[in-house]
Amino acid sequence: MTTPVIGVLALQGDVREHLIALAAADAVARPVRRPEELAEVDGLVIPGGESTTMSKLATLFGMLEPLRERIAAGMPVYGTCAGLIMLAEKIIDPRSGQETLGGIDMIVRRNAFGRQNESFEATVEVSGVGPVEGVFIRAPWVESVGAQVEVLAEHDGHIVAVRQGKVLATSFHPELTGDHRVHGLFVDMVRTGG
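Residues numbered from 1 in each chain as written. Predicted model: local features only at pLDDT ≥ 70, side-chain atom pairs only at ≥ 80, totals over all residues. Heavy atoms only, no water.

1. Section: the packing of aromatic side chains
1) Next: Under the criterion given, the structure shown has 6 aromatic pairs.
2) Next: Here the aromatic rings of Tyr78 and Phe186 are separated by 5.8 Å at their centres, their planes lie at 40°, and the arrangement is tilted. Taken together, the residues span a long stretch of sequence, with Tyr78 in strand 4 (residues 77-80) and Phe186 in helix 6 (residues 181-192) at a distance of 108 residues.
3) Next: A residue is classified by how much of its surface remains accessible, and Tyr78, at 0% relative accessible area, is buried.
4) Next: According to the relative accessible area criterion, Phe186 is buried, its value standing at 0%.
5) Next: Ring geometry for Phe113 against Trp141: centres 5.0 Å apart, planes inclined by 85°, an arrangement best described as edge-to-face. Separated by 28 residues along the polypeptide, Phe113 in the loop between strand 6 (104-109) and strand 7 (120-126) and Trp141 in strand 9 (residues 141-145) bring together distant segments of the chain.
6) Next: Given the relative accessible area of 16%, Phe113 is considered buried.
7) Next: An aromatic cluster is defined as three or more aromatic residues linked by ring pairs; in this entry it consists of Phe113, Phe120, Phe136, Trp141 and Phe172. (Phe/Tyr/Trp six-rings, centres within 6.5 Å; stacked < 30°, edge-to-face > 60°. Helix = DSSP H or I, 4+ residues; strand = E, 2+ residues; numbered from the N terminus. Buried < 20%, exposed > 50% of the residue type's maximum accessible area, 1.4 Å probe, protein only.)

2. Brief notes about unusual backbone geometry
1) Next: The phi angle at Asn111 is positive, at roughly 50°, despite the residue not being glycine.
2) Next: Within the fold, Asn111 resides in the loop between strand 6 and strand 7.
3) Next: For Asn111, a relative accessible area of 18% corresponds to the buried category.
4) Next: Phi at Asp156 is positive, roughly 50°, even though this residue is not glycine.
5) Next: As for its position among the elements, Asp156 is in the loop between strand 10 (150-155) and strand 11 (158-164).

3. Some remarks on the environment of Ala25
1) Next: Here Ala25 shows up in the loop between helix 1 (15-24) and strand 2 (28-32).
2) Next: Residue Ala25 is classed as buried on the basis of its relative accessible area, which comes to 11%.
3) Next: Setting aside residues up to four positions removed in sequence, Ala25 forms contacts with His180, His183, Gly184, Val187 and Arg191. (Contact = heavy atoms within 4.5 Å.)

Take a look at the structure:
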């Protein structure tokens with residue numbers, strides 16, 4: 001596959017910024033809102049936003065089970081911030097009724113770096129990419145990971161980027177910086193099948 005088709009889950013969150021970053025990283029990018037659109041993509045980005053709202057909308061739009069099935073079947077997925085939470089096996093203190101998709105054997109803490117007014121930017125050394133400017137907005141962190149999970153980056157002693165097989169996740173938002181190398185890493189994962 002030379003130019004992969006990568007969807008961005010377009011239920012809520014910073015969809016437009018991911019579409020731009022994916023296109024800049026040489027992918028065909030399109031929004032995904034329905035199961036039939038999900039079936040047409042080679043990989044998927046789950047954007048930042050509000051993980052509880054995203055979970056409820058995924059259920060409402062009939063996307064929760066199709067997403068779980070595609071991830072379990074090996075579709076490459078990249079989640080940022082709320083997307084990282086959605087890809088976790090377990091959330092510490094989830095909101096009532098909050099669901100995850102799974103995909104990475106990790107336990108995450110929502111809003112771990114603080115509330116909206118405590119958002120910040122910091123340089124993060126990402127394995128396989130190099131130093132990137134991380135934008136942390138009400139960002140989660142990863143409390144713990146299973147044996148199959150590769151930790152790609154930490155900030156202040158907390159895990160902020162991970163990969164397990166074909167699934168990648170970051171606590172921060174590289175789509176907001178104009179640096180498309182993390183998206184490039186994901187596009188390469190989709191292009192090469194992992």
